[in-house]
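Observations on chain architecture
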Amino acid sequence: MAGPLGGHRTWENMEAEHGRWGAMEYDEKLARFRQAHLNPFNKQLGPRQHEQGAGEEAPDITSEEALPELPPGEPEFYCPERTMDLGLSEDHFARPVGLFLASDIQQLRQAIQECKQVILELPEHSEKQKDAVVRLIHLRLKLQELKDPSEDEPSIRVLLEHRFCKEKSKSVKQTCDKCNAIIWGLIQTWYTCTGCYYRCHSKCLNLISKPCVRSKVSHQAEYELSICPEAGLDSQDYRCAECRAPISLRGVPSEARQCDYTGQYYCSHCHWNDLAVIPARVVHNWDFEPRKVSRGSMRYLALMVSRPVLRLREINPLLFNYVEELVEIRKLRQDILLMKPYFITCREAMAARLLLQLQDRQHFVENDEMYSVQDLLDAHTGRLGCSLAETHTLFAKHIKLDCERCQAKGFVCELCREGDVLFPFDSHTSVCTDCSAVFHRDCYYDNSTTCPRCARLTLRKQSLFQEPGPDADA
């Protein structure tokens, strides 16, 4: 076989030549692979940029010797599929496009619209679409941050009897009571009223039209005791009872929602379907099922829940005939009122501050007629009866066992003059309504005569006011 110079080519020469060409082909493939898989952070210094930056020193791409040049006419080898699979074509430390490049609100809005269009064009559930959604979220947060006022706002604002204080919590998720939008504490400034706990964005403060409910509680602390006093939507001129927005039962333009406490109708911005116990249903029907109320009613009921404004004997005296818990609680309260004089005149009791056992229910040491909604709730669940029984036992132990001064203020039955020392809060005793003397119950009701102490006091008064005789004048 003739060679290129006219000589004969042997099989050994052909095998050696084939090996050289195979080595060259392997080097070329290796060079093309390395060009397609450059470091993503140095991808701007690829082979195409070497010609433009001939004066600059090319970076050392690999620790091996320099890559051989491709033969002329050979196309560059690119592998976009493999690059996408390996995740090497993306600069993971680059800023998202459009995130902080926009400096004003108009540019951010334009970037948001472009990002929305890109999301619609990308394949669903793809990685690129997910990245675009994350980018859209960042753009919207940046836009909200530019819309919000600066942090240099006053920490206290007074508006419509509200006393707003700037909140510093950044992790608690809240809802604005004005615009019904979520308050993002990380990037938004928001305020809370210290009186009624009304929450809103700082940008919504000047739009508030609802006065503070705390002022109503301070000036007019009373409940609506009629069960859902509905007057009809026409009596409200088909408008929200609070913000006067147009409403209807069909939901156009806004849904009419009834408050079970006031009986009036409200829009969806003023009525969030909050649930609360209705005092009128508790007093008249002993019904504790929560019902839907408006936002204003919910705040009012929350502020009034511990206020003792219900006089049950006047509102519904028959309630004591059907609710045994109320009868037991009334007896315990009457006994505590009888123990109160002992504690007021006892130094040890004042030092131990025994009456502070009822500091959460101060009205229990003032009268036995007034109740709060919280008292009735606790009576219904049984907590109030148990706690009052423990307090009653503690008070009685101090008077009858622990304190000698209080024991010395006990009574002896003057009708039978037998038995132990009696106290007015004992269950087997009766107290004279005129002189407050204590007797055994059986002795007091079996004796048809008058109270011995009352008779003795009457004779003493007569002797003091008796006119002196002529001997006394001499």
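Quantities reported herein were computed from a predicted structural model and do not represent experimental measurements.

Let's talk about the confidence of the model for the protein chain
Here the protein chain shows a mean pLDDT of 76. Residues at 70 or above account for 73%. Considering only residues more than four positions removed or in separate chains, one finds that residues 43–68, a stretch of pLDDT under 50, has 17 contacts. Contacts from residues 73–102, a stretch scored under 50 in pLDDT, to residues over four places away or in other chains number 37 contacts.

Thoughts on helix α8 (residues 295–304)
Among the 10 residues that make up α8, 8 are buried, leaving the element largely enclosed by the rest of the structure. For α8, the full list of buried residues reads R295, G296, S297, R299, Y300, L301, L303 and M304.

Section: unusual backbone geometry
One non-glycine residue with positive phi stands out, namely Y197, at about 60 degrees. As for its position among the elements, Y197 is in the loop between β5 (190–193) and β6 (199–201).

Describing the pattern of salt bridges
Throughout the structure, instances matching the rule amount to 19 salt bridges. Across the pair R299 and D177 runs a salt bridge whose closest N-O atoms are separated by 2.9 Å. Of this pair, R299 sits in helix α8 while D177 sits in the loop between β3 (174–175) and β4 (182–183), placing them 122 residues apart in sequence. On the basis of relative accessibility, which here comes to 3%, the residue D177 falls in the buried class. Measuring nitrogen to oxygen at the nearest pair gives 3.1 Å for the salt bridge that ties D287 to R291. Taken as a pair, D287 and R291 share a single burial class, namely buried. Here the residues in one salt-bridge network are R311, R313, E314, D368 and E369, joined through shared partners.

What counts and how
- Residues numbered from 1 in each chain as written.
- Predicted model: local features only at pLDDT ≥ 70, side-chain atom pairs only at ≥ 80, totals over all residues.
- Heavy atoms only, no water.
- pLDDT = per-residue confidence, 0-100.
- Contact = heavy atoms within 4.5 Å.
- Buried < 20%, exposed > 50% of the residue type's maximum accessible area, 1.4 Å probe, protein only.
- Helix = DSSP H or I, 4+ residues; strand = E, 2+ residues; numbered from the N terminus.
- Salt bridge = Lys/Arg side-chain N within 4 Å of Asp/Glu carboxyl O.

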